[in-house]
Amino acid sequence: MARPELNTKRKTVRTSECWIRVPGQCIQLLGTLLLAFAPLAADVSAAVLVEAHRGDSRNAPENTVASIELAAASADLSEMDIRVTADGGLVLMHDSTVDRTTNGTGAVANLSLATLQGLDAGSWFSPAFAGEPVPTMAEAIVASRAANIQPLIERKTGTAGAYHAEFLAQSLAGDEFRVISFDWGFLNDLDALDPDYNLGALGSGTITQSVIDSVTAGGGDFLDWSHASVTQAAVDLVHANGLELHAWTVNDPVRMQQLIDFGIDGITTDNPSLLRSLLPLETNPVLMVNRDTGDIRLENVASDPVVFQGYSLKSATGALDPAGWLSIAANYDAGNPGPDQIDPVHDWTELVATRAELTEAELTEGGTASLAGGSSVLLGSGVWLKNPWENDLRMEWTLPGDDAQPLAVEYEGNDGKPFKFGDFNFDGNLDAADWQIHNLGRGTDLTGLSIAEGYQLGDIDGNGQIDMTDFVLFKGRFEEANGAGSFAAILSVPEPCSWILWGFPLLLGLSLRAKSRRFFDIAYNPPIRLPLSSQAFHSSLHPQHSLTYPPTPMGKKS
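These numbers were taken from a predicted model, which means no experiment stands behind them.

Undergrad: In this structure, what is going on with the overall build of the protein? I would like to understand it.
TA: When its secondary structure is counted, the protein shows 17 helices and 19 strands. Expressed as a percentage of its 558 residues, the buried residues of the protein come to 55%. Considering only contacts in the protein between residues 6 or more positions apart, those separated by 24 or more positions represent 64%. Surface exposure of the protein reaches about 21500 Å², of which carbon and sulfur atoms provide 55%.

Laid out in structure tokens, this is it:
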């Protein structure tokens, strides 16, 4: 339903957008990209904001840098809880004590900052995160900026002056973060220190005009409410007062959809990727990938034509097959064979054609291609190599005037679901056939192969080797899908080697933070980051990749 104009006292720019929505980490050429995205983000400010509860707390230990980095792949904001140490430090911790989420004991208020920073905040969640530290608020803000996700700071303890001093030290603009609190007096104090701060009042119960008046009188800019109390009438009332209404903490997809239909402005969830999947597309055109055939299409879902000068399609896992690429230059440019020609001038040029990147552009000054409204163009037949890492694929196109913008990438086929990790033959099941593929692949030389190519041979963790770590990951996935003990039933020979020989080096390797984080991330299907290039397409382009989950192909450093 239509909503009135919202309060413009603070205009929130969704800096977490990385492919129109920009949910990922845009590291390469970040400054240029942010300039291109800023006006775009403002245009979609009415969309539902995805707010990751304590970061991506399903796939990483809550309130850590790791959880913030993973949240950035699917969320707009990363919620974080802040408490004050005995010596005045501001740290991320939900509980009043460190007992539940660290290897230490005691109240945060009774421990020094140095003591907190020496604790292990990851092992309780998984051995893969052993040694993950308790971050300070400053470290969390820095990590959020690097990951291109907006901090949603919940004040648990501490004075407004302490938070204000830290925001000043970080040179944070008012639209770069949000602060929420159940203590509305704290929000009032913070508003008095800087009226440009974006402040949200946490609460529950029936939302009345009196409640809204109390929030605004105390300097609040939005309400962040228990979702159980949110109704269509409540959303309409808050919007009628020119404020935003957000809801916490929602994990049920049916309730998520109901709140979206109400016109809610933001939802805090433990499952940001699920919420993201329910939101409507915010871009046009979109790149549609068919999981079953590997075909990719550029689709104009609007009624008006779209005009562009170039595009770049990138895959961090090297899941692109140049042999299947149906470029405009060779197929849809005037004078070339093929249907659905979209450019009357024969001036398109292929610039990069690799497993990691397919780039082409119209090099003539002022030249463009036009895709009619409601139409699509096939850019690759079998060009996408099947793999489970769907968020690694990125597309950026250049509009007239060298305005580079990212496009949404959507998937269809396979009954609407990504492929399962360990399903090497992509038949929807983890069974003996997949074990045979993995077992035959052990010891194979993967030199020169991309992560996607190596995966199809059994390399689950993407490190360029099919080794014991991959075996452990496959076995875990297999038993997760088929039940405890199911893997032993398909073995015709004992499990490889002795655990005395294999287990010790494996545990030693997993104790290393970088490798252990990769082990966990791949095991639990994290999205993969791919930085986008914003340089003009008429210049010489070279693929540059910066992977964190998993590492760069063949273990090379970017």
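Undergrad: Please clarify how the packing of aromatic side chains should be interpreted in this entry.
TA: In this description, an aromatic ring pair is defined by two values, namely the gap between the centres and the angle between the planes. Taken as a whole and judged by the stated rule, the model has 27 aromatic pairs. Arranged with centres 5.3 Å apart and planes meeting at 75 degrees, the rings of Trp389 and Phe421 form a pair that is edge-to-face. With Trp389 in the loop between strand 17 (376-380) and strand 18 (393-399) and Phe421 in the loop between strand 19 (403-412) and helix 12 (432-441), this residue pair connects regions lying 32 residues apart in the sequence. By the burial criterion, Trp389 is buried, and Phe421 matches it. With a centroid separation of 5.7 Å and 75 degrees between ring planes, the pair formed by Phe478 and Phe487 is classed as edge-to-face. On the basis of relative accessibility, which here comes to 0%, the residue Phe487 falls in the buried class.

Undergrad: What am I meant to see in the pattern of salt bridges here?
TA: Side-chain pairs of opposite charge can arise whenever the charged atoms involved come near each other. Here the structure, examined in full by the defined rule, presents 13 salt bridges. Of the charged contacts, one joins Arg178 and Glu244 as a salt bridge, the two residues approaching to 3.0 Å between their closest N and O atoms. Of the two residues, Arg178 is situated in strand 5 (residues 178-181) and Glu244 in strand 8 (residues 244-248); the sequence distance between them amounts to 66 residues. Judged by relative accessible area, Glu244 falls into the buried class, the value being 15%. A salt bridge links Arg355 to Asp321, with the nearest nitrogen and oxygen atoms 3.7 Å apart. Of this pair, Arg355 sits in the loop between strand 14 (348-353) and strand 15 (357-362) while Asp321 sits in the loop between strand 13 (310-315) and helix 11 (328-331), and the two are 34 residues apart along the sequence. By relative accessible area, Arg355 is classed as partly exposed at 28%.

Undergrad: Even after reading the chapter, I still don't get the packing of helix 12 against helix 14 (residues 468-482), so can you show me in this structure?
TA: The angle between the axes and the distance between the axes are what describe a pair of packed helices. Contact geometry of helix 12 with helix 14 gives a least axis separation of 11 Å together with a crossing angle of 175 degrees. What the angle tells us is that helix 12 and helix 14 run roughly antiparallel. Across the interface between the two elements, Ala432, Asp434, Trp435 and His438 from helix 12 touch Asp470, Phe471, Phe474 and Phe478 from helix 14. The residue makeup of the contact of helix 12 with helix 14, split by class, is five nonpolar, one polar and two charged.

Undergrad: Would you explain unusual backbone geometry in this entry?
TA: A negative phi holds for most residues other than glycine; trans holds for most peptide bonds. For Arg54, which is not glycine, the phi torsion reads 60 degrees and is therefore positive. With respect to the secondary-structure elements, Arg54 resides in the loop between strand 1 (49-52) and helix 2 (65-71). With a phi angle near 55 degrees, Phe426 is a residue other than glycine that sits in the positive phi range. Among the secondary structure elements, Phe426 is positioned in the loop between strand 19 and helix 12. When its relative accessible area of 13% is taken as the criterion, Phe426 is described as buried.

Undergrad: What's the story with the pairing of strand 5 in this structure? I'm lost.
TA: Looking down a regular strand, the side chains alternate between one sheet face and the other. With burial as the criterion, each face of strand 5 is covered, one bearing Arg178 and Ile180 and the other bearing Val179 and Ser181. Here strand 4 (residues 150-155) pairs with strand 5 via three bridges, running parallel. Pairing of Leu152 across the sheet is with Arg178, part of strand 5. Viewed along the sheet, the connection from strand 4 through helix 5 (residues 160-169) into strand 5 turns out right-handed.

Undergrad: Where do I start with helix 5 in this structure?
TA: Residues spaced three or four apart along an α-helix point in a common direction, a consequence of the helix completing one turn every 3.6 residues. Turning to helix 5, its buried residues number three or more, namely Ala160, Tyr163, His164 and Phe167. Buried residues along helix 5 cover an arc of 100 degrees about the axis, so they all sit on one side. Among the structural elements, strand 2 (77-84), strand 3 (90-92), helix 4 (137-147), strand 4, strand 5 and helix 6 (184-193) are those in contact with the buried residues of helix 5.

Undergrad: Can you help me understand the environment of Gly266 in this one?
TA: Residue placement: Gly266 occurs in strand 9 (residues 266-269). C-alpha separation for the pair Gly266 and Leu245, spaced 21 residues apart in sequence, amounts to 6.9 Å. Residues in contact with Gly266, not counting those within four places in the same chain, are Val48, Leu49, Glu51, Leu245, His246 and Ala247.

Undergrad: Looking at this structure, I do not really get helix 6. What am I missing?
TA: Among the residues of helix 6, those classed as buried are Phe186, Leu187, Leu190 and Asp191. Along the axis of helix 6, the buried positions cluster into a sector of 135 degrees, meaning they face one direction only. In this fold, the buried residues of helix 6 make contact with strand 4, helix 5, strand 5 and strand 6 (199-203). One side-chain oxygen at the N-terminal end of helix 6 lies 3.0 Å from the backbone nitrogen of Gly185; it belongs to Asp183.

Undergrad: Mind showing me how you'd approach the packing of helix 5 against helix 6 here?
TA: One way to put it is that helix 5 packs onto helix 6 with a least axis distance of 9 Å and a crossing angle of 45 degrees. As judged from the angle between their axes, helix 5 and helix 6 are oblique. Note on packing geometry: the crossing formed by helix 5 with helix 6 is right-handed. Residues Ala160, Gly161, Tyr163, His164 and Phe167 of helix 5 touch helix 6, and the partners they reach there are Phe186, Asp189, Leu190 and Leu193. Taken together, the residues that form the contact of helix 5 with helix 6 break down as six nonpolar, two polar and one charged.

Undergrad: Any chance you could explain the pairing of strand 4 here in plain terms?
TA: Along strand 4, six of the six residues are buried, which leaves the element largely enclosed by surrounding structure. Residues Gln150, Leu152 and Glu154 of strand 4 are buried on one face, and the alternating residues Pro151, Ile153 and Arg155, pointing to the opposite face, are buried as well. Direction of pairing for strand 2 relative to strand 4: parallel, over a ladder of six bridges. Directly across from Asp81, in strand 4, lies its bridge partner Glu154.

Undergrad: Would you take a moment to explain the side chain of His53 for this structure?
TA: Here His53 is to be found in the loop between strand 1 and helix 2. Owing to a relative accessible area of 13%, His53 belongs among the buried residues under this scheme. Setting aside its immediate chain neighbours within four residues, His53 contacts Glu79, Thr249, Thr268, Thr269 and Asp270.

Undergrad: Explain the side chain of Ser144 here, please?
TA: By the secondary structure assignment, Ser144 is in helix 4. Other than its neighbours up to four places away in sequence, Ser144 contacts Ile68, Met80, Ile149 and Pro151.

Undergrad: For this particular structure, what's the right way to read the nonpolar core?
TA: Soluble globular proteins: nonpolar side chains tend toward being buried together. Counting residues in each nonpolar core, the largest one holds 51 residues, and the members touching the most others are Ile153, Phe167, Leu223 and Leu245. With residues up to four places along the chain from it excluded, the contact list for Ile153 reads Met80, Ile82, Met137, Ile141, Tyr163, Phe167, Phe177, Arg178, Val179 and Ile180. In terms of nonpolar packing, the next biggest core, distinct from the first, is built from 50 residues, Phe308, Ile342, Met468 and Leu473 among them.

Rules behind the numbers
The numbers attached to residues start from 1 for each chain and follow its sequence in the written order. In view of the model being predicted, local features appear only for residues whose pLDDT reaches at least 70, and side-chain atom pairs are presented and counted only at 80 or more, with totals across whole chains, interfaces and linings using the full set of residues. Side-chain numbers come from the whole structure's heavy atoms, not from hydrogens or water. Only runs of H or I of at least four residues qualify as helices and only runs of E of at least two qualify as strands under DSSP, and these elements are numbered from the N terminus. Exposed residues in this analysis have more than 50% of their type's maximum accessible area, buried residues have under 20%, and partly exposed residues fall in between, with area computed by a 1.4 Å probe over protein chains only. We call two residues contacting when some pair of their heavy atoms lies within 4.5 Å. Each accessible area is a Shrake-Rupley result for a 1.4 Å probe, and residues are judged covered by the shown protein chains and nothing else. The rule is short: rings of Phe, Tyr and Trp, with Trp giving its six-membered ring, pair when the centres are within 6.5 Å, and they are stacked under 30 degrees, edge-to-face over 60, tilted in between. Salt bridges are defined by distance alone: a side-chain nitrogen of Lys or Arg within 4 Å of a carboxyl oxygen of Asp or Glu. Here the axes come from fitting lines to C-alpha atoms, over the contacting stretch only for helices, and the angles between their N-to-C directions go from 0 to 180 degrees. When describing relative orientation, an angle under 35 degrees is termed roughly parallel and one over 145 degrees roughly antiparallel, while 65 to 115 degrees is termed roughly perpendicular and anything else oblique. Each residue is assigned to one class: nonpolar for Ala, Val, Leu, Ile, Met, Phe, Trp, Tyr, Cys and Pro, charged for Asp, Glu, Lys and Arg, and polar for all the others, Gly among them. In this scheme, strands are said to pair when DSSP sees at least two bridges between them. Throughout, right-handed denotes a crossover for which the path from the first strand over the helix to the second runs clockwise when the strands point away from the viewer. Directions are taken from the helix axis to each C-beta atom, and the arc is the one they span. Counted as a polar contact is a pair of N or O atoms within 3.5 Å, where, for protein atoms, one must be capable of donating a hydrogen and the other of accepting one, and residues adjacent in sequence contribute only when both atoms are in side chains. Crossings are classed by handedness, with left-handed meaning an anticlockwise turn of the near helix from the far one by less than a right angle and right-handed meaning a clockwise turn. Only buried Ala, Val, Leu, Ile, Met, Phe, Trp, Tyr and Cys residues count toward a nonpolar core, and they belong to the same one when joined by side-chain atoms within 4.5 Å.

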